[in-house]
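Each chain, written out:
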Amino acid sequence: MKNEKATRKEIIDQWLKQAGWNIDDRTQVIEEFDIKVDLPEGVNEPQTQYHGHQFSDYVLLDRRRNPIAVVEAKRTSVDPRKGEEQAKQYAYNIQKQFDCGLPFCFYTNGHDIYFWDIENYPPRKVFGFPTLQDLERWNHIRKNRGHLGEEIINTEIAGRPYQIQAIRALMEGVQARRRKFLLVMATGTGKTRTTIAFIDALIRSNWISRVLFLVDRIALRNQARDDFSEHTPNYSTWPNDGEIKFDPKRRVYISTYPTMLNIIEENKVNISPHFFDLIVIDESHRSIYNVYQGILDYFNTITVGLTATPTDVLDHNTFELFDCEDGLPTFAYTFEEAVNNKPKYLNDYQVLSLSTKFQKEGIRKNTISIDEQKKLMAQGIDVEEINFEGSDLEKSVTNKGTNALIVKEFMEECIKDQHGVLPGKTIFFCMTKAHARRLKEIFDQFYPQFHGELAKVIVSDDPRVYGKGGLLDQFKNSDFPRIAISVDMLDTGIDVPTIVNLVFAKPVYSYTKFWQMIGRGTRVLNPGNLKPWCKEKDDFLIIDCWDNFEYFKLNPKGKEIKQTIALPVRLFKMRVSKLEKAIEKGLDEIAEKEKKRLRTMIDALPQKNVAVMEESSLIEKVRDDSFWLKLNVEKLSMLEHSVAALMRTISSIDFNAMRFEKDIVETSMAVLDDDKFSLQRMQEVVTAQIAELPLSLNVISKHQELILKALRSVFWVNVNESDLNLLSDELGPLMKYRKRQDAPNGVGQMSINVRDELIKKEYVEFGPDKELISISRYKEMVENAVKRLTANNLILQKIKDGKEVTEFEVQTLTQQLGESDPYISEKLLRRVYDNKNAAFLQFIKHILEIEPLGSFSEHVSKAFEHFIKNNTTLSSNQILFLEILKDFIIDRGRVTKKDLVSAPFTQLHPKGILGLFNPNEINKVIALTERVVA
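Residues numbered from 1 in each chain as written. Predicted model: local features only at pLDDT ≥ 70, side-chain atom pairs only at ≥ 80, totals over all residues. Heavy atoms only, no water.

**Quick notes on the overall build of the protein**
The helix and strand tally for the protein stands at 37 helices and 24 strands. By its C-alpha atoms, the protein is 110 × 95 × 45 Å across when sized along the principal axes. The burial tally for the protein puts 53% of its 934 residues in the buried class. Summing over all exposed atoms, the protein offers an accessible surface of approximately 44,400 Å²; the carbon and sulfur share of this is 48%. (Helix = DSSP H or I, 4+ residues; strand = E, 2+ residues; numbered from the N terminus. Buried < 20%, exposed > 50% of the residue type's maximum accessible area, 1.4 Å probe, protein only. Areas by Shrake-Rupley, 256 points an atom, 1.4 Å probe, with all protein chains shown as cover.)

**Considerations on the sheet that holds strand β13 (residues 331–333)**
With respect to topology, seven strands assemble into an open sheet ordered β9-β10-β8-β11-β12-β7-β13, the strand pairing being parallel. Sheet topology places β9 (237–238) and β13 at the edges, where each strand pairs with a single neighbour. Summarising the sheet, strand β7 (residues 180–185) and strand β12 (residues 302–307) pair through five bridges and their orientation is parallel. Residue pairing in the sheet places Phe 181 in a bridge with Val 304 of β12. (Pairing = 2+ DSSP bridges.)

**Some thoughts on unusual backbone geometry**
A cis amide bond, omega -5 degrees, links Lys 342 with the succeeding residue Pro 343. Cis geometry marks the peptide bond from Ala 903 to Pro 904, where omega comes out at 10 degrees. Despite not being glycine, Asp 488 has its phi angle at roughly 70 degrees, a positive value. Checked against the element boundaries, Asp 488 lands in the loop between β20 (483–486) and β21 (499–504). By relative accessible area, which is 39% here, Asp 488 ends up partly exposed. Of note in the backbone geometry, Asp 674 takes a positive phi value of approximately 55 degrees without being a glycine.

**Focus: the sheet that holds strand β5 (residues 113–116)**
In sheet architecture, strand pairing relies on hydrogen bonds along the backbone and comes in two forms, parallel and antiparallel. The six strands are arranged β1-β2-β3-β4-β5-β6 in an open sheet whose pairing can be described as mixed. Each edge of the open sheet is held by one strand with a lone partner, namely β1 (29–36) and β6 (124–126). Between one strand axis and the next, the sheet turns through 40 degrees on average, direction left out of account. Here strand β2 (residues 53–61) pairs with strand β3 (residues 67–73) via four bridges, running antiparallel. Within the sheet, the bridge partner assigned to Leu 61 lies in β3 and is Pro 67. (Axes fitted to C-alpha atoms, helices over the stretch in contact; angles between N-to-C directions.)

**Focus: the packing of aromatic side chains**
Tallied over the full model, the rule gives 45 aromatic pairs. Relative to Phe 275, the ring of Phe 246 has its centre 5.8 Å away and its plane inclined at 55 degrees; by these criteria the two rings are tilted. Of this pair, Phe 246 sits in the loop between β9 and β10 (252–256) while Phe 275 sits in the loop between α7 (257–265) and β11 (278–282), placing them 29 residues apart in sequence. The same class applies to Phe 246 as to Phe 275, namely buried. Ring geometry for Phe 881 versus Phe 917: centroids 5.4 Å apart, planes at 65 degrees, classification edge-to-face. (Phe/Tyr/Trp six-rings, centres within 6.5 Å; stacked < 30°, edge-to-face > 60°.)

**A short note on the environment of Ile 583**
In this fold, Ile 583 is placed in helix α18 (residues 567–584). In this structure, the C-alpha to C-alpha distance between Ile 583 and Asn 120, residues 463 residues apart in sequence, is 56 Å.

**Focus: a nonpolar patch on the surface**
A grouping of Leu 695, Leu 708 and Leu 711 is seen on the molecular surface, where their side chains present a nonpolar patch of about 200 Å² in accessible area. Structurally, Leu 711 is set in the loop between α26 (704–710) and α27 (713–717). (Patch = residues over 30% accessible without salt bridge, like charges linked within 9 Å, V, L, I, M, F, W, Y side chains within 5 Å. Salt bridge = Lys/Arg side-chain N within 4 Å of Asp/Glu carboxyl O.)

**What to know about the packing of helix α34 (residues 856–869) against helix α35 (residues 876–892)**
Interhelical geometry of α34 versus α35 gives an angle of 165 degrees and a closest axis separation of 10 Å. When the interaxial angle is binned, α34 and α35 end up roughly antiparallel. Note on packing geometry: the crossing formed by α34 with α35 is right-handed. Of the residues in α35, those in contact with Phe 856, Ser 857, Val 860, Ser 861, Phe 864, Phe 867 and Ile 868 of α34 are Ile 879, Leu 882, Glu 883, Leu 885, Lys 886, Ile 889 and Ile 890. Here the contact of α34 with α35 is composed, by residue class, of ten nonpolar, two polar and two charged. (Parallel < 35°, antiparallel > 145°, perpendicular 65-115°, else oblique. Left-handed = near helix turned anticlockwise from the far one by under 90°. Contact = heavy atoms within 4.5 Å. Nonpolar A, V, L, I, M, F, W, Y, C, P; charged D, E, K, R; others polar.)

**Topic: the pattern of salt bridges**
Scanning the model with the defined rule gives 54 salt bridges in all. We note a salt bridge from Asp 673 to Lys 581, for which the minimum N-O separation is 3.1 Å. With Asp 673 in the loop between α23 (655–672) and α24 (676–691) and Lys 581 in helix α18, the pair connects residues that are 92 residues apart, well separated along the chain. Lys 581 gets classed as buried once you look at its relative accessible area, which sits at 17%. Between Glu 883 and Lys 886 there is a salt bridge, with the nearest N and O atoms lying 3.3 Å from each other. Note that Glu 883 and Lys 886 are positioned in helix α35 at a spacing of three residues, about one turn of the helix. You can call Lys 886 buried: its relative accessible area is 4%. Here the salt bridges share partners, and the residues they tie into one network are Arg 8, Lys 9, Asp 13, Glu 31, Glu 32 and Asp 57.

**Quick look at the pairing of strand β19 (residues 455–458)**
Of the two faces of β19, the one holding Ala 455 and Val 457 and the one holding Lys 456 and Ile 458 are both buried throughout. With four bridges joining them, β19 and β20 adopt parallel strand pairing. By the bridge assignment, Val 457 is partnered in β20 with Ile 485. Where the polypeptide runs from β19 across helix α15 (residues 471–477) and back to β20, its parallel neighbour, the crossover connection is right-handed. (Right-handed = clockwise from strand over helix to strand, strands pointing away.)

**Some details on the confidence of the model for the protein**
Within the protein, residue pLDDT values average 86, and 93% of them lie at 70 or more. Under a pLDDT of 50 for its full length, residues 740–747 has, in the predicted model, seven contacts with residues more than four places off or in other chains. (pLDDT = per-residue confidence, 0-100.)

**Quick word on helix α13 (residues 400–413)**
Helical geometry note: an α-helix holds 3.6 residues per turn, so side chains three or four residues apart project in the same direction. Between its first and last C-alpha atoms α13 spans 20 Å; for 14 residues at 1.5 Å apiece the expected length is 20 Å, and the two agree. Across the 14 residues of α13, ten count as buried, placing the element largely inside the fold. Buried within α13 are the following residues: Gly 401, Thr 402, Asn 403, Ala 404, Leu 405, Ile 406, Val 407, Glu 409, Phe 410 and Met 411. (Expected span 1.5 Å × (residues − 1).)

**A word on helix α2 (residues 84–98)**
Under the 1.5 Å per step criterion, the end-to-end length of α2 is 21 Å for 15 residues, consistent within 8% with the ideal 21 Å. Along α2, the positions that sit buried rather than exposed are Ala 87, Tyr 90, Ala 91, Asn 93 and Ile 94. Two residues or fewer after α2 comes Asp 99, characterised by a positive phi angle close to 50 degrees.

**A short note on a negative patch on the surface**
A cluster of acidic residues, Asp 312, Glu 336, Glu 337, Asp 887 and Asp 891, forms a negative patch on the protein surface. Within the element layout of this structure, Glu 336 appears in helix α10 (residues 335–340). (Lys, Arg positive; Asp, Glu negative; His and termini not counted. Charge placed at Lys NZ, Arg CZ, Asp CG, Glu CD.)

**Describing the state of the cysteines**
By definition, a disulfide is the covalent link that joins the sulfur atoms of two cysteine residues. For the structure shown, the criterion picks out zero disulfides. Summary of cysteine pairing: Cys 430 is not part of a disulfide, and the nearest cysteine sulfur, belonging to Cys 545, is at 9.7 Å. (Disulfide = S-S within 2.5 Å.)

**Observations regarding the side chain of His 111**
Relative to the assigned elements, His 111 resides in the loop between β4 (104–108) and β5. In terms of polar contacts, His 111 uses its side chain to reach the side chain of Ser 616, at 2.7 Å. Excluding its chain neighbours within four sequence positions, the residues that come into contact with His 111 are Ile 11, Thr 76, Met 613, Ser 616, Ser 617 and Glu 620. (Polar contact = N/O pair within 3.5 Å; in protein donor to acceptor, adjacent residues only side chain to side chain.)

Here you go:
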């Protein structure tokens with residue numbers, strides 16, 4: 001426990017130095033800063049030497065030597081928030097005395113630091129002092145920021161009504177000094193573009209200067225960087241292609257979670273906790289609530305979360321992270337809204353469900369035909385040993401016949417290109433990388449004429465995937481490959497509008513991931529992204545080989561994924577248990593070695609990780625030599641619970657080596673307990689890992705003698721602590737070279753080739769419209785039927801030649817088409833062509849390309865979209881009102897002034913339009929309604 005003086009010299013001074021402040025330079029920092037205070041009215045003379053004066057512990061100065069921040073210090077045992085009022089008084093009195101801007105406030109006890117931008121934001125905990133550049137940037141922002149309600153949105157970046165509404169909701173929140181926001185927008189509706197337009201508006205209005213855009217994969221980082229370069233080319237971004245060194249002079253920083261965590265923790269770059277003014281989290285996954293939560297805590301600033309996961313399945317943690325009530329994000333735009341919009345913003349899909357015999361019944365003797373059994377026996381495989389459930393496929397067993405059947409059915413049923421021969425762009429979602437490569441081999445075997453270019457394996461650890469001309473670039477922008485066979489990498493975030501087929505060749509248990517995977521096909525093909533191999537796209541096909549849609553009908557939120565205990569936490573806890581056991585048994589040498597190893601793990605904790613910084617007093621205690629002299633129950637409990645929990649922050653390690661180390665520790669505990677059964681089990685676990693070390697590598701062959709020795713049973717008969725330590729120290733670092741081998745004997749994965757058969761092949765109902773046949777498909781069938789019948793139908797020929805037809809002929813034609821396949825009626829045509837007023841003859845003329853037929857809903861939607869795009873200063877509630885008005889007109893075909901002050905228009909304000917718009921704006925809205933219903 002330190003007094004205030006010691007706290008300042010030993011801790012706070014060091015914090016300030018880390019932020020670049022020279023404590024000994026009075027042009028930067030003044031300690032015990034003298035602040036003159038006006039005496040109370042009626043008092044003329046100071047009664048003590050301090051009366052009429054205050055002394056701030058530290059005052060930080062800007063380049064002009066003006067006070068820019070005050071720091072109030074308390075000793076380590078005192079809650080720093082007791083200094084809040086003092087810091088506030090100092091700031092106001094300095095402002096009054098020096099006629100300067102109001103200084104920023106900090107108060108700290110050395111362990112916890114609080115920052116207060118008085119008159120702008122409430123106090124908040126931070127994890128370091130700002131640099132001089134940070135403070136001057138804040139000062140500039142505070143003096144020059146404009147009113148966001150008057151800032152125009154760049155509709156060239158994001159101009160759809162719902163995008164403008166989302167941006168306006170964010171801007172209204174920022175203007176109201178809120179700091180955390182959550183956007184829920186269906187995949188393909190432009191989350192990134194919406195965010196870029198929001199960032200652009202904040203930068204132009206001087207609310208922010210630097211932005212961090214976080215993604216979870218390199219491919220998504222590159223994609224986001226391309227989006228920023230396209231839409232805001234005047235904003236410098238980091239990193240550029242091939243750029244590794246961090247550049248502190250950029251405007252927009254796009255990074256993966258691990259990269260940014262390493263920048264914070266490894267001290268290669270001294271990045272201030274106040275470096276960014278805004279953080280965007282793109283498609284945050286559960287890691288953000290564990291290891292990567294430290295990034296958000298370290299940069300405690302305005303934060304925007306982006307997700308495509310529907311609000312009804314988002315978990316409590318997500319809403320809590322962004323200070324939202326459960327189920328109520330800052331803004332939401334659903335898949336159903338995007339599909340049903342006129343014109344649609346996303347494509348709907350059809351689902352073809354396939355199931356094979358082996359998937360349903362498993363692979364065992366009684367499910368394999370006699371002929372196939374004979375083939376297996378001829379290959380030396382004992383059929384009696386084959387006994388697998390359907391769920392074991394591609395886990396314990398791989399069957400080429402099942403994979404071949406899936407490929408064959410895909411090629412028959414998939415959506416083809418305009419020539420009707422080759423599949424359109426397709427993603428196969430596979431279980432493992434080995435599974436992906438086996439599927440590619442089947443494509444190459446069945447279709448050798450494409451020289452291996454039809455399908456490609458695209459996985460994250462292949463360096464040929466990235467960059468210009470890489471596999472991902474080829475899949476997006478070239479004719480071939482047509483099929484991307486992937487494991488996890490293409491499940492989320494990748495934007496390829498020309499995708500028309502998705503194949504679920506694996507079971508999925510996460511509803512969030514399930515919808516992200518579906519989102520790969522939802523993009524609408526606009527004129528700007530037409531390709532020679534994809535000229536049109538009205539919907540897309542999902543081939544589901546594992547009953548995923550059926551699973552999510554029964555389990556709408558998917559499988560509850562249990563949080564696993566991080567490996568470093570498990571290892572630390574295990575070593576504490578071993579230490580406790582050694583102390584109990586009086587094994588002093590083993591106990592001392594465990595103490596040393598535990599202290600090494602504690603020293604490896606990342607000092608700049610927020611979770612570690614918050615427990616600085618605890619870390620200080622366990623690093624003291626005296627803590628380890630007499631370890632009692634209380635100290636061991638502290639290690640096992642409080643300190644072990646911090647081990648989750650360790651990320652820059654070789655996890656293969658650590659996993660091997662954990663297994664060795666578990667083995668050594670079995671030796672200490674003389675537990676023969678556990679020792680035998682751990683012997684199998686350890687030797688299985690050692691056996692996978694390839695002796696052909698020079699780095700491993702050096703240890704060949706030890707490896708071969710450890711694989712012999714005799715080594716384990718009298719194995720001792722020294723032997724196990726040798727294995728851990730010598731072979732642990734080599735575990736990254738392990739190569740898993742498929743084995744046909746049940747150890748690993750059995751590989752067979754048995755003919756499989758299809759037992760289910762059906763379209764299933766799933767999606768917004770729950771229709772077995774899409775409207776677009778019906779329209780296509782109707783148009784083909786009419787054009788086909790024209791060759792022999794005299795009435796249709798008259799219409800095509802532009803001749804007049806009588807009412808009787810129209811009725812006759814109606815009857816004839818009503819008896820055709822597909823069934824054609826005026827009622828169905830009105831629904832299909834979205835026109836409630838057109839007559840039967842008008843539809844026929846439209847199909848025969850004589851007279852174009854407009855869609856009423858598209859006409860209305862485009863008028864409203866144009867109106868909102870030209871009035872981007874509308875508030876989010878005003879835009880929502882216009883969306884309700886648009887739907888009202890599309891549904892009823894008209895609207896009156898009286899309607900605008902009645903339900904449903906009163907749900908946003910009791911007075912309807914009168915409560916949300918001023919008279920001039922009301923006139924504009926009424927003029928809009930008159931134009932669209934005219």
